[in-house]
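Fold and geometry: a report
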Amino acid sequence: MTLVSTVPVSLKERSYDILVGGQLLEAAGELLRNRFGPRHILIVSDDQVAQLYLGRLRKSLLVTDYDLKEIVVPVGESSKEFGCLEMLISDMLEAGVARDWLIVALGGGVVGDLAGFAASIILRGIDYLHIPTTLLAQVDSAIGGKTGINTTLGKNLVGSFHQPRLVLTDTSLLDSLPQRELLAGYAEVVKYGLLGDESFFDWLETNGVALIEGNPGAREYAVTTCCTAKANIVSQDEHEAGARLLLNLGHTFGHALEAEVGFDSRLLHGEAVAIGTILAFDLSVRLGFCSASTLERVRKHFEFIGLPTRLPVLQGHTWRSEQLLAHMMHDKKIRKGQQTLILARGIGEAFLCREVTEADILGVLRTYAG
Ligand code: GLY
């Protein structure tokens, strides 16, 4: 095991650490025993991740004599449905879960959201921790306690804030991640540079490719930097009333794109966020907040790395700006009918803007969609 950094998330009695390093999965048993003592453990994973990593985690936990149960759910977003939550809760109760048990979410965002939500409501709430296996989960979704499921009316509309007790971030698990997923996760990595840390964006311009290609040092540095940034934001604003909203840079446009294709795998969340980020910078230029050369710098970096900067051509689908605007008006951040967008004055200078009109949004959408 190489423990590279311990990033604290400071939330009074709900504080916890994010441990970042390589081969942490093999050390999970020891790390958990040191922090939590002997506990019953219930691992929740998906069938794809379970095939790759459940055996290694089990071995590590059994060496330290844990009493262990496992539940495997189908891979993919469809597991974040009411029916699957109900099944998971029933399986957990049948496994004998009690208040002193520890739930371990082994997987990406879907597993973390689902298992975290189940942990937050079962027996009125029990402890869980996350071992994130995707880049997106390692730098974003595993941190900050957002848990939840989807409804037919939209993504993540039912959920809770339930902070994990620990996040074990093993960057060597990214070695098995398909390139497309890695790039999609990179959209969230670059977000931290764009929203508040120009020097990190500079670093990514030089080292982003090494990160994608699997350089362990580059991965550990980037993941630690993102975790530190997110931990600081969450510590200031756990329930997303202010600073945490900045993490939605590119997401309002991105969610509209995802909703338009029905949240299916033709457009991954990170891909939608990448295009959404370009739209947010473009709108910032149009409204006079940001220079055109900044937008070009962002676009150039995305193209260099391999992130999308335009709406993809999808067979049988025509993008329509009015339709995208309609999706945007269903956003959770709408207040009194007024859209709240995250715009930018420059790289590392994102801000919350409540003065954007529908006509402004339509104007930028029309240059990308019909
Ligand atoms: N993914 C954004 C947040 O956790 O606030």
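Read on for a plain summary of the structure.

Observations regarding the nonpolar core
- With 81 residues, the main nonpolar core has Leu135, Leu194, Leu211, Phe253 and Trp319 as its most contacted residues.
- Setting aside anything within four residues of it in sequence, one finds leucine 194 in contact with Phe201, Leu249, Thr277, Phe281, Val298, Phe302, Gly346, Ile347, Gly348, Glu349 and Ala350.
- Leu24, Ile41, Leu57 and Leu168 belong to the second-largest nonpolar core, a separate cluster that totals 26 residues.

Let's talk about the packing of aromatic side chains
- Under the criterion given, the structure shown has four aromatic pairs.
- Measuring from ring centre to ring centre gives 5.9 Å for phenylalanine 200 and tryptophan 203, while their planes differ by 15°; the resulting arrangement is stacked. You can see phenylalanine 200 and its partner tryptophan 203 sitting in helix H7 (residues 198-213), three residues apart, about one turn around the helix. Like phenylalanine 200, the residue tryptophan 203 is buried in the burial classification.

Re the site of the ligand
- In the vicinity of the ligand, the contacting residues are Asp140, Lys146, Lys230, Arg244 and Leu247.
- Between the ligand and the protein, one listed contact pairs an oxygen atom with a side-chain N or O atom of lysine 146 at 3.0 Å.
- Within the contact set of the ligand, an oxygen atom lies 2.5 Å away from a side-chain nitrogen or oxygen of lysine 230.
- Protein coverage of the free-state accessible area of the ligand, which is 200 Å², stands at 88%.

Digging into the side chain of glutamine 163
- Checked against the element boundaries, glutamine 163 lands in the loop between strand E8 (154-161) and strand E9 (166-170).
- Reaching out from glutamine 163, the side chain makes a polar contact with the side chain of tyrosine 16 at a distance of 2.7 Å.
- Here glutamate 238 takes part through its side chain, which lies 3.1 Å from a polar atom of the side chain of glutamine 163.
- Residues in contact with glutamine 163, not counting those within four places in the same chain, are Leu11, Arg14, Tyr16, Tyr128, Gly144, Gly145, Val234 and Glu238.

Some words on the side chain of aspartate 170
- In this structure, aspartate 170 sits in strand E9.
- A distance of 3.0 Å separates a polar atom in the side chain of aspartate 170 from the backbone nitrogen of leucine 25.
- When near neighbours in sequence (up to four residues on either side) are disregarded, aspartate 170 contacts Gly21, Gly22, Gln23, Leu24, Leu25, Glu26 and Gln138.

Conventions used here
Residues numbered from 1 in each chain as written. Predicted model: local features only at pLDDT ≥ 70, side-chain atom pairs only at ≥ 80, totals over all residues. Heavy atoms only, no water. Core = buried A, V, L, I, M, F, W, Y, C linked by side-chain atoms within 4.5 Å. Buried < 20%, exposed > 50% of the residue type's maximum accessible area, 1.4 Å probe, protein only. Contact = heavy atoms within 4.5 Å. Phe/Tyr/Trp six-rings, centres within 6.5 Å; stacked < 30°, edge-to-face > 60°. Helix = DSSP H or I, 4+ residues; strand = E, 2+ residues; numbered from the N terminus. Near = heavy atom within 4 Å. Polar contact = N/O pair within 3.5 Å; in protein donor to acceptor, adjacent residues only side chain to side chain. Areas by Shrake-Rupley, 256 points an atom, 1.4 Å probe, with all protein chains shown as cover.

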